[in-house]
Amino acid sequence: MAGNGHLHTKFGEHFHSSWVLEDCEIITMPSGMDGCYERLLTNKEVTELPLQAINLRGPTLPDFDNDGITADEQEHLINALLASQLNLAKTVCSLSNFSKSLRKRLVVLQRIYTAVSVKHHNKFMSSTQIDKSELIGSRQPGKLPEKTGVVAASESESQGNTALLELGVKTGLSLLFSLLKQNWMLAGQLKQFCICNDIIQTAISVVSSFPPLSLANEAKLTHLGVDSLNEVNKFLRQAASPQSGADLDGQRLASELMISLAAQRGSLCYVLEWVDMALHTSVTVLCDQKGQTKTPAGKINWNFFTNIVTQMIKSVGARGSSTLTSMFARNPPVDDNGLVPLYLAAVVLLEELYSLAADYESNCCLGPDENSNNSLTSNSNNNMGTGSCDVYIWGSNSSHQLAEDRQEKILAPKQATSFTDCHQIEAGQFCSFGIHTEGSVSACGKGSYGRLGLGDSNNQTTPKKLNFEPNRKIKKISSSKGSDGHTLAMSTDGEIYSWGDGDYGKLGHGSSCTVKYPKIVLGPLAGKIVKCVAAGYRHSAAVTEDGELYTWGEGDYGRLGHGCSNSKSFPTRVTEISSVGQVSCGGSHTMAVSQDGKHIWSFGGGDNGKLGHGDTSKQYKPKLIEAFAGLYIRKVACGSQASMALTSTGQLYAWGCGSCLGCGSEDFTALRPRLVEDLQSKRIVDISFGDSHCLALSHDSEVYAWGNNAMGQCGQGHAQSPITRPKKVLGLEGVNVHQISAGTSHSVAWNSLPTDRHVVAWHRPFCVDLQEATFATLRSFLEHYCDGFDQDKPPKPFTTKQ
C-alpha cells in the first residue's frame, strides 16, 4: 500500500489477536469501514502520507514550423504525450472519493488477512519462506511475487524437505519425552538406575556453557527451532511437578533446566512461566497410599539458582548487579544438600524482576518529549549522565575536530578516547564540543573567530574546558555547520551563552563583534527560561519555556520570520506563532514545531523547495507546512539545501534538493515532504543534519548515513561521494548507540542516554518484550495470583501479606 504514495502500513504483532476476530463483512457498511480505518490510524498501524507534487510538465515539443521531424519522432512524441496524460489521469483518479474509499477498504481487508495469516497459516512455513517485513504491511496488498516454473518447483521441494524435517524433529522429541517418562516410572517401581536424570544433567551442562542470551533473538531462530524449545519447556514444566512421576532429583533437575533455558531466551514470558511453575508446585496436593494428603515442597539448588539469576542481571547490564537485592536472598533456608524450596526461589526471582524493571524505568527511560516545554530545573539532575561513555568518530580530522593526532580523514567509525566522560557531543564546523557529566564543556578543532570559546583563535588538538561566567551547568549545545562558526549553549537554568563569529549580530549581544569566551545572552531573553536553541549559518534561534520563539542574526530571505529582511542583533520574538516546542536553523531558512507536535512552520529562503510548501518562494513569516496535517512530529532538522522531519511513528521525510533526500539521485528536487523510502521499514528515533550529509538512528541502535561523503563522513569505509541512499554505518554492530551528531564534514555517535527524548526498547531482556505471548502470560499470571490480595489471609502459596 505504501507504493501508491498515500498510505504506509506497519502492522503490530500485539494487535493481531483483535483483528483475527473481525468479520470481513464489516467493511460493506461505510460506518463499519470508517470505524476499522480509524482504529488503524489510532494504533499507528496506518500512516497517511503527504501528497506529492503533481508533475504537469509533459514532453518538450519541437518547433514544427522550423524544425523538420521524422515519422518515428512524431510517433515518439505522441506516445510521450499519451503517457503524460495517462499519469495525470491516474493521479486525478487516485484523489477521487471512490478511490480513497477503496484504499481504506483494501487496507482494512489487508489488516484482517495479515492477522489471520499470522495466526493460522504462517506457523506451517519455515522462517526462510516468510519475510517478516511482509507481515507488517510493507508489501503491496494483492501483489504476489512473480515465480517461474523452476522457482516454484524449487520452493515446492524446499517445502517438502521442511515438512519432513519438522515431522522428524517433532516425532523424535515426542519419542524422547515418552521414554523419559517411562524410565522414571520403571526406575521408581523396580528401584533401578534412572538414566533420565543423567540426560537432563547433561542438557543443563550444555546450556550453562552457552554465552548469555544465546537464544534471546528468536528472529534468528527457525520456526522449527522455536517450536522445539517451546515443546521442551512444556515437558520440563510437567516433569518438575510432583504429579509427573519423576523422582525428587528429576523434578529438581527439570526445574533447573527450565530456568536455564528461560534465562537464555531472555523474555519475561518464559521467566514468568518458571515462576508460575514454582508457585503451582508449592500448592500441589498429593495423597499417599493411606489416602492422607500431603503438600510436597519442590526444591532447587540454591547456588545454581543464584548463579542463573546473577547472570540474568549482568546480561541486562543493570546497576548493582554483583549481589541479589531480594531481602529473602539474605538468609535462605538452605538444607544439608544445598537446596531451598521452589516457593522461596520464585519469590526471590519476582523481586529481582521488579528491581530490573525499576532500574530500567529510572535509568533507561529518561528524557522529556522533544516538543514539551517542561521546566529544565526540575529534572536537570536526573538527566545528567554518569559513568564513562563509548564514543565513535569518523570523517574529516583536518583541524583535529576528532581529537586524533593524525589529521587524515577517518573513513569508518573509530572509538575515541577523548570524549569518554561526556554525555552529549556536538559536531560543528571543523570543531567538536563535549558536555561532561558534571555540566562543564570542552572543545577541540578549528579555533578561528574564537569559535571554540577558549579565549583565542588557535586550533585545539585535544578537548580543553571552557570557562563560563557566571558559572553554570550546561545542558545543550548547538554549533553552526557553515559560515564562520558560532555556538550557542543552554544551561540547566535555561540561560543562553554564545561565542564565536559575531557577523550579522547572530550572537545576540547587540553588535557584530567576535566573542572568544562564552557570554550570556540577555536583552529580551533576560529572565526567560529557554528550553531549545539552534545555531544556523548566519542566524540563531531559541524557544522559551512558555512557547515563545526568538530569532536573531541576518534577516535576508526572511529567515528570522519577522516579516522583513532586516537583521537583528538582539533576540527578537517571532510574533506570528505561539506554543512553539522546538526550532532548527539551516543555511538560510528556519523550521519550528508546535508543542503538541501537530504543526511545522517554515520560513526563509525557499530555493530548491527546502521550505516544503510546493514552491521556491521566500517566506518572510512562518508558514504552516500543510503536507504534515494529521501527523505528529518528533524532530526537525535543517541543512544548507534540504530539510528533514521525523514523525512520532519513526518515519522520516525529506525535501529540498540533492543527495540528502536519500532517494537515489543527487539531482532530485522535492518541493514537498517526501518519505525516505529506504528507511520506511525502520523505526527512526533521532536525526542529525550536517552541512550536506545526514545521520539517522534507528530504534535498534543502527546508524544510517547519506549525502556528501568526500571526507568519509558517512562512515562507509571510503570517500566516494555522494551517497544517495541511506547506508548503514560500518563497524557499529553490537554498540548500543543512543545519540548522534553530524558536523560540517565529520560525524559522532555515542551510547550515553539522551536528555531530550525517551529511550524505550521494544525488547529488553526480562524487562520489556512487546509481543502477544508476553501480555497473555502476564494477564494469566496476575489474574491467578492477585485474586485475594484484599483478604485478611494472603492467597496461596504466599505466606505473608508482604
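Residues numbered from 1 in each chain as written. Predicted model: local features only at pLDDT ≥ 70, side-chain atom pairs only at ≥ 80, totals over all residues. Heavy atoms only, no water.

1. Overview of the overall build of the protein chain
The number of helices and strands found in the protein chain is 14 helices and 36 strands. The buried share among the 802 residues of the protein chain stands at 49%. Taking contacts inside the protein chain between residues at least 6 apart in sequence as the whole, the part at least 24 apart equals 59%. Accessible surface for the protein chain amounts to roughly 36900 Å². Of this, 52% is attributable to carbon and sulfur atoms. (Helix = DSSP H or I, 4+ residues; strand = E, 2+ residues; numbered from the N terminus. Buried < 20%, exposed > 50% of the residue type's maximum accessible area, 1.4 Å probe, protein only. Contact = heavy atoms within 4.5 Å. Areas by Shrake-Rupley, 256 points an atom, 1.4 Å probe, with all protein chains shown as cover.)

2. Points about a nonpolar patch on the surface
On the surface, a nonpolar cluster with roughly 370 Å² of combined accessible area is contributed by Phe-98, Leu-102, Leu-106 and Leu-109. If you trace the backbone, Leu-109 turns up in helix H4 (residues 97-120). (Patch = residues over 30% accessible without salt bridge, like charges linked within 9 Å, V, L, I, M, F, W, Y side chains within 5 Å. Salt bridge = Lys/Arg side-chain N within 4 Å of Asp/Glu carboxyl O.)

3. Some remarks on unusual backbone geometry
Peptide bonds are trans in most cases, and residues, glycine excluded, mostly fall at negative phi. Cis rather than trans, the peptide bond between Glu-469 and Pro-470 has omega equal to -5°. Following the sequence through the fold, Pro-470 ends up in the loop between strand E12 (460-465) and strand E13 (474-479). Cis geometry is found at the peptide bond from Ser-721 to Pro-722, where omega equals 0°. Positive phi, close to 65°, is recorded for Ser-483, a residue that is not glycine. Positionally, Ser-483 belongs in the loop between E13 and strand E14 (486-491). Under the relative-accessibility criterion, Ser-483 is labelled partly exposed at 28%.

4. Let's talk about the sheet that holds strand E23 (residues 600-604)
The antiparallel open sheet is built from four strands, whose spatial order is E21-E22-E23-E24. Edge positions in the sheet fall to strand E21 (580-585) and strand E24 (619-624), since each of these pairs with one other strand and no more. Put simply, the sheet's adjacent strands are angled 15° from each other on average, direction ignored. Here five bridges tie strand E22 (residues 589-594) to E23, and the two strands are oriented antiparallel to one another. Of the residues in E23, the one forming a bridge with Val-593 is Ile-600. (Pairing = 2+ DSSP bridges. Axes fitted to C-alpha atoms, helices over the stretch in contact; angles between N-to-C directions.)

5. Thoughts on the packing of aromatic side chains
Applying the stated criterion across every chain, the model contains ten aromatic pairs. Plain terms: the ring middles of Trp-302 and Phe-305 are 5.8 Å apart, the flat faces sit at 35° to each other, and that makes the pair tilted. Taken together, the positions of Trp-302 and Phe-305, both in helix H11 (residues 302-316) and three residues apart, correspond to about one turn of that helix. A single burial state applies to Trp-302 and to Phe-305, both of which are buried. Ring geometry for Phe-433 versus Trp-499: centroids 5.9 Å apart, planes at 65°, classification edge-to-face. (Phe/Tyr/Trp six-rings, centres within 6.5 Å; stacked < 30°, edge-to-face > 60°.)

6. Focus: the packing of helix H10 (residues 268-282) against helix H14 (residues 772-785)
For any two helices packed against each other, the geometry comes down to the angle between their axes and how far apart the axes lie. Running from N to C, H10 and H14 point in directions that differ by 25°, and their axes come no closer than 9 Å. On the basis of the axis angle, H10 is roughly parallel to H14. H10 and H14 meet at a crossing whose hand is left-handed. The segment H10 lies against H14, with Leu-268, Cys-269, Leu-272, Glu-273, Val-275, Asp-276, Leu-279 and His-280 engaging Ala-773, Thr-774, Thr-777, Leu-778, Phe-781 and Tyr-785. Class assignment of the residues belonging to the contact of H10 with H14 gives a composition of nine nonpolar, three polar and two charged. (Parallel < 35°, antiparallel > 145°, perpendicular 65-115°, else oblique. Left-handed = near helix turned anticlockwise from the far one by under 90°. Nonpolar A, V, L, I, M, F, W, Y, C, P; charged D, E, K, R; others polar.)

7. What to know about the pattern of salt bridges
Per the stated rule, a full pass over the model turns up 25 salt bridges. Taking the shortest distance from any N to any O, the salt bridge between Asp-276 and Arg-237 comes out at 2.5 Å. With Asp-276 in helix H10 and Arg-237 in helix H8 (residues 223-239), the pair connects residues that are 39 residues apart, well separated along the chain. For Glu-702, the salt bridge identified is with Lys-728, shortest N-O distance 3.1 Å. Note that Glu-702 is positioned in the loop between strand E30 (693-698) and strand E31 (703-707) and Lys-728 in strand E32 (residues 723-728), a separation of 26 residues in sequence.

8. Regarding the side chain of Asn-233
Structurally, Asn-233 can be placed in helix H8. The buried category is assigned to Asn-233, whose relative accessible area is 8%. In this structure, Asn-233 is in contact with Met-258 and Glu-273, ignoring residues within four places of it in sequence.

9. Topic: the sheet that holds strand E28 (residues 669-675)
Taken together, four strands build an open sheet; the order of strands is E25-E26-E27-E28 and the sheet is antiparallel. In this open sheet, the two strands that pair with only one neighbour each are strand E25 (633-638) and E28. Direction aside, the axes of adjacent strands within the sheet are offset by 10° on average. Here five bridges tie strand E26 (residues 642-647) to strand E27 (residues 652-657), and the two strands are oriented antiparallel to one another.

10. Topic: the confidence of the model for the protein chain
Chain-level pLDDT for the protein chain is 84 on average; 85% of the residues reach the 70-or-more range. Residue range residues 1-5 is modelled with pLDDT below 50. Its contacts to residues more than four positions away, or to other chains, number 16 contacts. Across residues 123-152 the pLDDT falls below 50, and counting only partners more than four positions away or on other chains, this stretch makes 36 contacts in the model. (pLDDT = per-residue confidence, 0-100.)

11. Focus: the environment of Tyr-343
Position of Tyr-343 among the secondary structure elements: in helix H12 (residues 342-363). Excluding its chain neighbours within four sequence positions, the residues that come into contact with Tyr-343 are Leu-279, Ser-282, Pro-797, Phe-798 and Thr-799.

12. Let's talk about H11
For H11, with 15 residues, the first-to-last C-alpha span of 22 Å sits near the 21 Å given by 1.5 Å per residue. Residues of H11 that are buried include every one of Trp-302, Phe-304, Phe-305, Thr-306, Ile-308, Val-309, Thr-310, Met-312, Ile-313 and Val-316, and no others. Near the N-terminus of H11, the side chain that reaches the backbone nitrogen of Asn-303, with its oxygen 3.1 Å away, is that of Asn-301. (Expected span 1.5 Å × (residues − 1). Polar contact = N/O pair within 3.5 Å; in protein donor to acceptor, adjacent residues only side chain to side chain.)

13. A look at the side chain of Thr-777
Tracing the sequence through the fold places Thr-777 in helix H14. Since its relative accessible area comes to 16%, Thr-777 is described here as buried.

14. Re the packing of H8 against helix H9 (residues 248-265)
Their axes nearest at 8 Å, the elements H8 and H9 cross at an angle of 145°. As for the relative orientation of H8 and H9, their crossing is left-handed in sense. Across from Val-226, Leu-229, Asn-230, Val-232, Asn-233, Leu-236, Arg-237 and Ala-239 in H8, the residues of H9 making contact are Gln-251, Ala-254, Leu-257, Met-258, Leu-261 and Arg-265. Taken together, the residues of the contact of H8 with H9 break down into nine nonpolar, three polar and two charged.

15. Brief notes about the pairing of strand E9 (residues 422-427)
With six of six residues buried, E9 is to be regarded as a mostly interior element. Relative to strand E10 (residues 431-436), E9 runs antiparallel, the two being bridged by five bridges. Its bridge partner lying in E10, Cys-422 is registered against His-436. In sequence, E9 turns back onto E10 through a hairpin of three residues, with Phe-430 there showing a positive phi of about 60°.

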